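Residue strings, one per chain:
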Amino acid sequence: MRAGLPDTPTIPDFLAKTLPKGSAVGIDPFVHSIDSAKALRKALEEVGCSLVGLEVPNPVDVVWGEERPAQPNGAVWLHGVRFAGETAQEKIGKLREQMKEKGCDHVLFSMLDEVCWLFNIRGDDIPHCPVVMSYALVSKEEARLYVDKEKLGEFVEEALVKEGVTVLPYEQVLGDVGGIAARESEKIWLDPSSTSQALSDAAAEAGVRETTPVQMAKACKNEAELRGMREAHLKDGVALSSFLCWVENYVSSGENTISEVDAAAKLREFRAAQEGFLATSFGTIAGSGPNGAIIHYSPTPGECGYISNKDVLLLDSGGQYEDGTTDVTRTMHLGGSATEHEKECYTRVLQGHIAIDNAVFPEDTTGLMLDSLARMPLWSIGLDYRHGTGHGVGACLNVHEGPQSISPRLGSNRAGLKAGMILSNEPGYYEDGNFGVRIENLLIVVKKNTAHEFGGKDFLGFERLTHAPMDTRMIMTNLLSDSEVRWVNTYHEDVWQKLSPRMEDGQYKEWLWEKTRPLPEWSSSNPATSRQSSVTRAGV
C-alpha cells in the first residue's frame, strides 16, 4: 500500500477498521503534529478505542540504541538582505504587530523553513533543503532561536544578537513553552499543522492553535526574493540546457548509453558550475522508458535503467542557489523517434501546461479551481494523472512549500492565490510499463492589467520563471490551436533571448538555437516571425 492512492486507506481509517474495541494506540507525541494526533484520536474514539501519548522513550529509539545516527550538525550561514529583502528585525517587528492583533504574547515556530525565513539564516542539516534543525519563539520583547550553538559560529551568533535574537540550546524549547503555560495569564500561538503534540501538551490551556502569519508572509515573495528567483532560474536554465545538449549528443548515435544515476550526477556537475550553487533541490528523477511512468521514481546504483536514443526520457530536477530554488521537468525522446501515441500524450500534457500558464483569475482563487484546466486536454481522450498540478516553492528554501497549490484535493487547496506566490505547473501522463510525460515550469503569481476589475478585486495570472527548451519533435502540431502554437514559439524565443547571452559560443549555444526554433507551421504561415535576424545578432 502507498499513501495517497485511491485504494489505500489513511492510517487512522486503517487502525479504526482493524483494531478491536477498547484498544489503545500509543504515539510518540514529538513526531506527531497537533492535527495528525487530533485526526487519529477522532477516528479511534469513534470505534471505542483511544490514543495515548507515550511518556516513556519511544520504543523504536530504545531498540535503535547507540546505532542511531547523531543529529545533523551542518553549518549555518546568514541569508543576506540582498536576497531576503528585509532584515530579521523588520520581520520580527511585523510579526509582533500581528501577535498584538491576535491577543497573543508569544508565537512558536516548528517548521524549519519558517524559522530560517524569519531569522534570515540557512543551513544544510536536511539533504536538498537549506534549513537548520531549530525552533523559534517570538515574544513581545524577545526573539529566541533554539539550536545547537556549535552550528552557528561566532560571526553568525553575533549577527543574530544584533538583530535582537537570543540563541538558546535546542532542547530548552519544551521547558520554555511549559513555563509560559505555568504563568496562566499568557497566550502562545501554535500552528496545529506543524507543532508537535508534545509542545501542544506543554502549552496546555495557554495555546492558541491556529495557522501563524509567517506561512503566508513566506509564500508571498517580496521584490528581492523574486529578483533572486529570476536570477537562479536563468543560471539553472543554462545548466539544464547544456546538460540536455550533452546527453543528447552522447546517446544520439545509438552506440552509447548512460545510467540514470550517472546522468543525474552529470547534470549536477553542470549546475555546480553556476555561481551561487548550493545543492540539488531534491533527488533527480531521471526515468527512461518504463521508469518514467513511476511518478516519484528514484534511480539507485546497480538497479536503475539506462538512457538511450530509443526511449522517452522524463527528467525532473532542480537546484538550490544562494538566490533561489528551481524545479523543472522536461520530457524528450533523445532519438527523435517517439511513437504517435507518445507524441499525442505529450501534446495533450503540453496543452494543459499552456492552459495553466495562460490562466487569468480573481485574487484568492484557489488552486482547486484551476486544476481542471490542466486536465481537460487529457480528459478529452479519456486520460488523466494521479498527482496535483502544482505546488508552492520557497526562495532558497524548501522546493515544496505551502499553503498554495494547484490540485484536485480539497484539503490542500484552501489558500487563495495571491501576488508574489510561486507555484509549479506540472501536468503529466504515465503509462505503466511504457513511458511517462511531465512538463514543469515554475510560475510567479502576478497582477494582470484587465479591462475591468469586477467587485473591486485584482485579477491575477502568471509570469514564467523556468527557461529551458521543450522537445518540439514530440509535439503533434495538428492538435494545437493557433494560440497554442504561438505560445510555444513565444516561449522558445524568450528562452533563447534570456539564456543565449549567458552561454559561450559553441555546441551548447548552437544546440539551444536549434531547439528554440519556431514550429514550422507557425514560421511558414507567419514569415514576419522568422528569427534569422536573431541568429545574426547573436553571432551563432
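What you are looking at is a predicted structure, and each value in this text was computed from that prediction instead of being measured. (Residues numbered from 1 in each chain as written. Predicted model: local features only at pLDDT ≥ 70, side-chain atom pairs only at ≥ 80, totals over all residues. Heavy atoms only, no water.)

1. Description of helix H15 (residues 482-499)
Right, on to step 1. Over its 18 residues, H15 runs 26 Å from end to end, which matches the ideal 26 Å to within 8%, given 1.5 Å per residue.
Right, on to step 2. Taken together, the buried positions of H15 are occupied by Glu484, Val485, Trp487, Val488, Asn489, Tyr491, His492, Val495, Trp496 and Leu499. (Helix = DSSP H or I, 4+ residues; strand = E, 2+ residues; numbered from the N terminus. Expected span 1.5 Å × (residues − 1). Buried < 20%, exposed > 50% of the residue type's maximum accessible area, 1.4 Å probe, protein only.)

2. Details of the packing of helix H13 (residues 340-357) against H15
Right, on to step 1. The contact between H13 and H15 brings their axes to 11 Å, and the two run at 80 degrees. As judged from the angle between their axes, H13 and H15 are roughly perpendicular. Contact with H13, carried on its side by Leu350, Gln351, His353, Ile354 and Asp357, involves Glu484, Trp487 and Val488 of H15 and no other residues of that element.
Right, on to step 2. Across the contact of H13 with H15, the residue classes tally to 4 nonpolar, 2 polar and 2 charged. (Axes fitted to C-alpha atoms, helices over the stretch in contact; angles between N-to-C directions. Parallel < 35°, antiparallel > 145°, perpendicular 65-115°, else oblique. Contact = heavy atoms within 4.5 Å. Nonpolar A, V, L, I, M, F, W, Y, C, P; charged D, E, K, R; others polar.)

3. What to know about the pattern of salt bridges
Right, on to step 1. Scanning all chains against the criterion turns up 32 salt bridges.
Right, on to step 2. Note that Arg502 and Glu231 form a salt bridge whose closest N and O atoms lie 2.8 Å from each other. With Arg502 in the loop between H15 and helix H16 (507-515) and Glu231 in helix H11 (residues 223-251), this pair connects stretches of sequence that are 271 residues apart.
Right, on to step 3. With a closest N to O distance of 2.7 Å, Arg464 and Asp357 form a salt bridge. Separated by 107 residues along the polypeptide, Arg464 in strand S26 (residues 459-464) and Asp357 in helix H13 bring together distant segments of the chain.
Right, on to step 4. Shared partners join several salt bridges into a network, and the residues in it are Asp113, Lys218, Lys221 and Glu401. (Salt bridge = Lys/Arg side-chain N within 4 Å of Asp/Glu carboxyl O.)

4. Structural notes on the domain arrangement of the protein chain
Right, on to step 1. Domain assignment breaks the protein chain into domain 1 (11-67), domain 2 (76-212) and domain 3 (223-515).
Right, on to step 2. Taken together, the 15 residues of domain 2 in the interface contact 16 residues of domain 3.
Right, on to step 3. Summed over both sides, the interface of domain 2 with domain 3 buries roughly 1,200 Å², with 57% coming from carbon and sulfur.
Right, on to step 4. Put simply, domain 2 and domain 3 have 0 salt bridges between them.
Right, on to step 5. On the surface where domain 2 and domain 3 come into contact, there are 5 residue pairs in polar contact (both at pLDDT 80 or more).
Right, on to step 6. At the level of secondary structure, the elements contributing two or more residues to the side of domain 2 that touches domain 3 comprise helix H4 (81-84) and helix H6 (112-119).
Right, on to step 7. Looking at which element gives the most residues to the side of domain 2 that touches domain 3, the answer is H4, with 4 residues.
Right, on to step 8. Taken together, the residues that form the side of domain 2 that touches domain 3 break down as 9 nonpolar, 3 polar and 3 charged. (Domains from an automatic or database assignment. Buried area = accessible area lost by both parts, 1.4 Å probe. Polar contact = N/O pair within 3.5 Å; in protein donor to acceptor, adjacent residues only side chain to side chain.)

5. Things to note about the pairing of strand S6 (residues 135-139)
Right, on to step 1. Of all the 5 residues making up S6, 5 are buried; the element is thus mostly covered by neighbouring parts of the structure.
Right, on to step 2. Side chains Tyr135, Leu137 and Ser139 of S6 all project onto a buried face; the interleaved residues Ala136 and Val138 project onto the opposite face, where all are buried too.
Right, on to step 3. Pairing between strand S4 (residues 106-109) and S6: 4 bridges, direction antiparallel. Each residue of the ladder has a partner; that of Phe109, found in S6, is Ala136. (Pairing = 2+ DSSP bridges.)

6. With respect to the sheet that holds strand S10 (residues 207-209)
Right, on to step 1. Strands sit in the order S8-S7-S6-S4-S9-S10 across an open sheet of 6 strands; the sheet is mixed. Strand pairing shows two members of the sheet lacking a second neighbour, strand S8 (165-168) and S10, which therefore form its edges. Each strand of the sheet is rotated relative to its neighbour by a mean of 25 degrees, with strand direction disregarded.
Right, on to step 2. When S4 meets strand S9 (residues 188-190), the two strands line up parallel, connected through 2 bridges.

7. Details of the environment of Glu493
Right, on to step 1. Relative to the assigned elements, Glu493 resides in helix H15.
Right, on to step 2. Of note is the side chain of Glu493, whose polar atom sits 2.6 Å from the side chain of Gln497.

8. A closer look at the sheet that holds strand S15 (residues 312-317)
Right, on to step 1. Strand order across the open sheet formed by 3 strands is S13-S15-S18, with antiparallel pairing between neighbours. Every interior strand has two partners, whereas the edge strands, strand S13 (285-288) and strand S18 (328-333), have only one. Direction aside, neighbouring strands of the sheet carry axes that sit 10 degrees apart on average.
Right, on to step 2. The pairing of S15 with S18 spans 6 bridges and is antiparallel. Paired with Leu315 across the bridge in S18 is Arg330.

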